[in-house]
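# Close look at the chain arrangement
Single-letter residue listing:
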Amino acid sequence: KNEVLQKALSFYLNEVITDNRPLIGIYKAIEVIAKSLGNRKLEVGYEKLAVLCAKPKTYVKELQETAQVARHAISDARRHFDDDEAKRRAKLLIYAYANSLGI
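The structure presented is a predicted model; accordingly, all values stated were derived computationally and were not measured.

Conventions we followed
- Residues numbered from 1 in each chain as written.
- Predicted model: local features only at pLDDT ≥ 70, side-chain atom pairs only at ≥ 80, totals over all residues.
- Heavy atoms only, no water.
- Phe/Tyr/Trp six-rings, centres within 6.5 Å; stacked < 30°, edge-to-face > 60°.
- Lys NZ or Arg CZ within 6 Å of the ring centre and 35° of its normal.
- Helix = DSSP H or I, 4+ residues; strand = E, 2+ residues; numbered from the N terminus.
- Buried < 20%, exposed > 50% of the residue type's maximum accessible area, 1.4 Å probe, protein only.
- Core = buried A, V, L, I, M, F, W, Y, C linked by side-chain atoms within 4.5 Å.
- Salt bridge = Lys/Arg side-chain N within 4 Å of Asp/Glu carboxyl O.
- Axes fitted to C-alpha atoms, helices over the stretch in contact; angles between N-to-C directions.
- Parallel < 35°, antiparallel > 145°, perpendicular 65-115°, else oblique.
- Left-handed = near helix turned anticlockwise from the far one by under 90°.
- Contact = heavy atoms within 4.5 Å.
- Nonpolar A, V, L, I, M, F, W, Y, C, P; charged D, E, K, R; others polar.

### Side note on the packing of aromatic side chains
Inspection of the entire model under this criterion finds zero aromatic pairs. When the ring centre of Tyr59 is taken as reference, the NZ or CZ atom of Arg89 above it lies at 4.3 Å.

### Quick look at the environment of Lys35
Relative to the helices and strands, Lys35 resides in helix H2 (residues 22-37). In this structure Lys35 comes out as partly exposed when scored by relative accessible area, which is 25%. As for Lys35 and Gly45, which are separated by ten residues in sequence, their C-alpha atoms are 5.7 Å apart.

### Examining the nonpolar core
Soluble globular proteins tend to bury their nonpolar side chains together. Judged by nonpolar contacts, the single largest core of 30 residues is most densely connected at Ile26, Ile30, Ile33, Leu63 and Leu93. Among the elements of the structure, helix H1 (3-17), H2, helix H3 (42-52), helix H4 (57-68) and helix H5 (83-100) are those that each provide at least two residues to this core. Looking at which element gives the most residues to this core, the answer is H2, with nine residues.

### Some words on the pattern of salt bridges
Taken as a whole, this structure holds ten salt bridges when the rule is applied. Among the salt bridges present, the one from Lys28 reaches Glu15, with a minimum N-O distance of 3.2 Å. Note that Lys28 is positioned in helix H2 and Glu15 in helix H1, a separation of 13 residues in sequence. Between Arg88 and Glu85 there is a salt bridge, and its shortest N-O distance comes to 2.8 Å.

### So, the packing of H3 against H4
Relative to each other, H3 and H4 sit at 120°, their axes nearing to 7 Å. If you check the angle between H3 and H4, you find them oblique. Crossing geometry of H3 relative to H4 is assigned as right-handed. Contacts between H3 and H4 involve Glu43, Tyr46, Glu47 and Ala50 on the former and, on the latter, Lys57, Val60, Lys61 and Gln64. By residue class, the composition of the contact of H3 with H4 is three nonpolar, one polar and four charged.

See below:
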């Protein structure tokens, strides 16, 4: 029933699990949650999302930087870990957000 969660899950299911370029879907899924939590301010949303899963802000920032590598040909972003770790982190963050809704 939560529109943000529906969008995040849709990106995760359609672009991460069933696509061969999962990092783009991960970026979108976490971005939609962060924008919601931060009133469209990504940095604030990343901080709030990190708090929800009891992780440091860098946990979310490193995920988004890793995913950003796949989104642009030229970027200052860098890969911090492999796709499997990115999927694991994204899943944890989505679950944390869902739990915060009481789902």
